[in-house]
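Read off the chains here:
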Amino acid sequence: YSGTAKGYYESGKLQWEVECKNDKWDGQRKEYYENGKVQGESFFKDGEPDGFTRRYHKNGKLQSESFFRDGKQESARIYYESGKLKQEDVLNADGTSGVRKVYYESGALMEESPLRDGKSEGLGKGYYENGKLRAEYPFKDGEQDGLTRIYNERGWLEQEAPYKKGKQEGLT
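Residues numbered from 1 in each chain as written. Predicted model: local features only at pLDDT ≥ 70, side-chain atom pairs only at ≥ 80, totals over all residues. Heavy atoms only, no water.

Turning our eyes to something else, we now look at the pattern of salt bridges. Within the structure shown, the criterion is met by 10 salt bridges. The closest approach of N and O atoms between R77 and E88, which form a salt bridge, is 3.6 Å. Of this pair, R77 sits in strand β7 (residues 72-79) while E88 is found in strand β8 (residues 85-91), placing the two residues 11 residues apart along the sequence. Looking at E88, the relative accessible area reads 14%, which means it is buried. (Salt bridge = Lys/Arg side-chain N within 4 Å of Asp/Glu carboxyl O. Helix = DSSP H or I, 4+ residues; strand = E, 2+ residues; numbered from the N terminus. Buried < 20%, exposed > 50% of the residue type's maximum accessible area, 1.4 Å probe, protein only.)

Under the counting rule described, the total for this entry stands at three aromatic pairs. Look at F52 and F67: their rings are 5.0 Å apart centre to centre, the planes differ by 65°, and that puts the pair in the edge-to-face class. In this pair, F52 is assigned in strand β5 (residues 48-56) and F67 in strand β6 (residues 62-69), connecting sequence segments 15 residues apart. According to the relative accessible area criterion, F67 is partly exposed, its value standing at 21%. With 5.6 Å between their ring centres and 85° between their planes, Y137 and F139 make a pair best called edge-to-face. F139 matches Y137 in its accessibility class, with the two residues each being buried. Across from the ring centre of F52, 4.4 Å away, lies the NZ or CZ of R54, which sits over that ring. (Phe/Tyr/Trp six-rings, centres within 6.5 Å; stacked < 30°, edge-to-face > 60°. Lys NZ or Arg CZ within 6 Å of the ring centre and 35° of its normal.)

With that out of the way, let us pick up the environment of E31. Secondary-structure assignment places E31 in strand β3 (residues 24-32). A C-alpha to C-alpha distance of 8.8 Å links E31 and R55, two positions 24 residues apart in sequence. Leaving out residues up to four positions away in the same chain, E31 has contacts with Q15, W16, K37, V38, Q39, G40 and R55. (Contact = heavy atoms within 4.5 Å.)

Bringing the side chain of E74 into the picture now. If you trace the backbone, E74 turns up in strand β7. On the accessibility criterion, E74 (14% relative accessible area) is buried. Among the polar contacts made by the side chain of E74, one reaches the side chain of R69 at a distance of 2.8 Å. Filtering out sequence-adjacent residues up to four positions away, E74 remains in contact with F67, R69, D89, V90, L91, N92 and A93. (Polar contact = N/O pair within 3.5 Å; in protein donor to acceptor, adjacent residues only side chain to side chain.)

This part takes up the side chain of E41. Looking at the element boundaries, E41 is found in strand β4 (residues 38-45). No salt bridge forms around the buried E41; measuring N to O, its nearest opposite-charge neighbour R54 is 4.3 Å away. A polar contact is formed between the side chain of E41 and the side chain of Q28, at a distance of 3.4 Å. If we skip the residues at most four places from it in the chain, E41 touches Q28, R29, K30, F52, T53, R54 and Y56. (Lys, Arg positive; Asp, Glu negative; His and termini not counted.)

Structure representation (structure tokens):
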């Protein structure tokens, strides 16, 4: 099939539409809330995501956006309903590694962790809203693995907890 494919809500209102070429998505895809506002939009090339993908909150503000090149994700951002940045993943050109940063709604950095193959890998760090270090937690294959350290707002070590494959194995 080549042309525009469409889906509808039970009410008969348009739910989504996508351009197709040779039975594959090729071009823009749009999704709509039942009230007619745009819920999401994305671009495809030969059936693979290629370009920006955006989703919107019901209030019309951007909820998330990702960028794909030849089907591989290069970046992703998630936003609070207020429109402020909540999380961003910045990946290398082949989409296999990078860093994830999570923010308080105030804009201050809450957490950062290295990524490999879409999973947290290496030493992640958490911060208090005032910017001071709150925690250090090692990851392996997307799960906490190693000695996690928790600090108070004065910067003093308060707790250490060993983790193995995402499960806490006692306190030190």
